[in-house]
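Fold and contact review
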Amino acid sequence: MQNYPQYSSKQKWIHWLTLILIVLAFLLVKFNVILSRYVGGMFTLYILHKSFGLMIFVITLWRFVVIKKEGVPDVLPKEQKLQRTLSKSVQGFIYISLLIVPASGYLMSSHSLNVFGILSIPALDMPNMYYHFFHTAHKVGSYLLAMLLILHIAGALYHYFWIKDKVLQSMLSRD
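Here the residue index of a chain counts from 1 through its sequence in written order. Local features in a predicted model are, by the rule used here, given only for residues with pLDDT of at least 70; side-chain atom pairs are given and counted only at 80 or more, and totals for whole chains, interfaces and linings are based on all residues. In computing side-chain values, all of the structure's heavy atoms are included and hydrogens and water are not.

Our focus in this paragraph is the pattern of salt bridges. Should their charged atoms come close, side chains of opposite charge can pair. One side-chain nitrogen of Lys or Arg within 4 Å of one carboxyl oxygen of Asp or Glu is enough to make a salt bridge. Following the criterion strictly, the structure yields three salt bridges and no others. The shortest N-O distance in the salt bridge between Glu70 and Lys10 comes to 3.8 Å. Placement of the pair is Glu70 in helix H3 (residues 42–70) and Lys10 in helix H1 (residues 9–30), with a sequence separation of 60 residues. Remark: exposure states derive from per-residue accessible area (1.4 Å probe, protein chains only) relative to the maximum for the residue type, with buried under 20%, exposed over 50%, and partly exposed in between. Given a relative accessible area of 38%, Glu70 falls into the partly exposed group. What makes Lys10 partly exposed here is its relative accessible area of 33%. Asp74 serves as the salt-bridge partner of Lys78, at 2.6 Å between the closest nitrogen and oxygen. Here Lys78 falls in the exposed class, since its relative accessible area comes to 55%. By the criteria applied, helices consist of DSSP H or I runs no shorter than four residues and strands consist of E runs no shorter than two, each listed in order from the N terminus.

In structure tokens, the structure reads:
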């Protein structure tokens, strides 16, 4: 029997699936020349990148529904005000980034969003300056998300190795 707060299985799945999709979307763009040979060309590579982005967006919305319904465990002690504030702030900015980066990715393109070659979401017609704005938002948001994820991981490792509490285990262990 565990004696520390746990996220639900659904919350853990959402958490780790989101991370996997972020890593895949990043790798597809970072190594696009090399990977395009293996996925059938640049067109297919960007279909996958955009499809993963849409999945991240939808899963993030689902995450909000799950949080509203189930709440989140209180893994940090109430007396640790600074850690709680930092933790909640980083998580909040990660959630915002998980919405802004995919949304700006969709909005920066003047092409329809082809989702895994199955579904096509039409592009929005906007003045050219808006495409440039959303392109910048996508790029800056992606870097910000990467920095926030590094900070999030560093915080989890800090708790595991230095504080030696169960914060990391609350997202790893089985229910």
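Now that the structure has been shown, we can carry on.
Residues other than glycine seldom take positive phi values, yet Phe116 does so here, at roughly 50°. With respect to the secondary-structure elements, Phe116 resides in the loop between strand S1 (113–115) and strand S2 (119–121). Accessibility expressed as a relative area gives 34% for Phe116, which makes it partly exposed. Of note, the phi angle at Lys164 is positive, near 60°, even though the residue is not glycine. Along the chain, Lys164 turns up in the loop between helix H5 (128–163) and helix H6 (169–172).

Here we come to the packing of aromatic side chains. Centre distance within 6.5 Å is the pairing criterion for rings of Phe, Tyr and Trp, where only the six-membered ring of Trp is used; planes under 30 degrees apart are then read as stacked, over 60 as edge-to-face, and the remainder as tilted. Summed over the entire model, instances satisfying the criterion amount to six aromatic pairs. A centroid spacing of 5.8 Å and a plane angle of 85° characterise the contact between Phe64 and Tyr95, whose relative ring orientation is edge-to-face. Taken as a pair, Phe64 in helix H3 and Tyr95 in helix H4 (residues 81–108) lie far apart in primary sequence, 31 residues in all. An angle of 90° between the planes, with centres 4.9 Å apart, marks the rings of Tyr160 and Phe161 as edge-to-face. The class for Phe161 is partly exposed, based on a relative accessible area of 46%. Cluster of aromatic residues (ring-pair linked, three or more members): Tyr158, Tyr160, Phe161 and Trp162.

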